[in-house]
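Listed below, chain by chain, are the residues.
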Amino acid sequence: MVQLKEVNQGGFVWCSNYESRKGREISENPHAALLFFWKALNRQVRIEGFVQKVTDEESEQYFRSRPREIQISPAVSNQSTVVPGREFLRQQCKELEEKHPEGSMIPRPRHWGGYRLIPERFEFWQGDESSVQLRLRYFSENISGKKEWRIVQ
């Protein structure tokens, strides 16, 4: 599960700890899917594609845009690891704040940054009460050196 930070022509961007379980899985297999599900509307969108890290500059820019207290979290969090408890994390936050007092910059951790999913397929699904479903799939192809989208029903 990710929290999208940006959608642009390049793809879908989120940030995470590169050393987390998710980060390790992406480095081993850089293909992923994003799923947006709206149960009340009986609709979903699935986007499949190739995942790559964003540039250090993009990661740095996003990190700097976050409020100071939100910059501290990725600096002290070893995502996907067992910690002694919440108080342990609070103490690490306090120590980092003391090391970098108000007015000084919190350095972006080297293990934290952005990923971009470059879409290769879109699937739009719509259901109804009778279990009749409409599914439209779009995929990209390189046709004469140009990326084009095709539909499969």
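What this report covers is the structure whose coordinates are included nearby. Just so we're clear, the structure is a prediction, and the values are computed from it rather than from any experiment.

**What to know about unusual backbone geometry**
The phi torsion at Asn 42 lies on the positive side, around 60°, for a residue other than glycine. For Asn 42, the position within the fold is in the loop between strand 3 (31-38) and strand 4 (43-53). Assessed through its relative accessible area of 25%, Asn 42 is described here as partly exposed.

**Considerations on the environment of Gly 103**
With respect to the helices, strands and loops of the structure, Gly 103 is situated in the loop between helix 4 (86-99) and strand 5 (112-126). Judged by relative accessible area, which is 77%, Gly 103 ranks as exposed. C-alpha separation for the pair Gly 103 and Arg 68, spaced 35 residues apart in sequence, amounts to 9.7 Å.

**Remarks on the packing of aromatic side chains**
The final tally for this structure, using the stated rule, is eight aromatic pairs. Judged by centre distance (6.3 Å) and plane angle (5°), the ring pair of Phe 122 and Phe 124 falls under stacked. Owing to a relative accessible area of 18%, Phe 122 belongs among the buried residues under this scheme. An aromatic cluster of at least three residues, connected via ring pairs, comprises Phe 12, Phe 122, Phe 124 and Tyr 138. Between the NZ or CZ atom of Lys 53 and the centre of the ring of Tyr 18, over which it lies, the distance is 3.9 Å.

**Thoughts on the pairing of strand 2 (residues 11-17)**
In terms of residue burial, strand 2 counts as a mostly covered element, since seven of its seven residues are buried. Where strand 1 (residues 6-8) meets strand 2, three bridges bridge the pair, whose relative direction is antiparallel. If you follow Asn 8 over to strand 2, its bridge partner there is Gly 11. Here strand 1 folds back onto strand 2, and the loop between the two strands holds two residues. Direction of pairing for strand 2 relative to strand 5: antiparallel, over a ladder of six bridges.

Parameters at a glance
- Residues numbered from 1 in each chain as written.
- Predicted model: local features only at pLDDT ≥ 70, side-chain atom pairs only at ≥ 80, totals over all residues.
- Heavy atoms only, no water.
- Helix = DSSP H or I, 4+ residues; strand = E, 2+ residues; numbered from the N terminus.
- Buried < 20%, exposed > 50% of the residue type's maximum accessible area, 1.4 Å probe, protein only.
- Phe/Tyr/Trp six-rings, centres within 6.5 Å; stacked < 30°, edge-to-face > 60°.
- Lys NZ or Arg CZ within 6 Å of the ring centre and 35° of its normal.
- Pairing = 2+ DSSP bridges.

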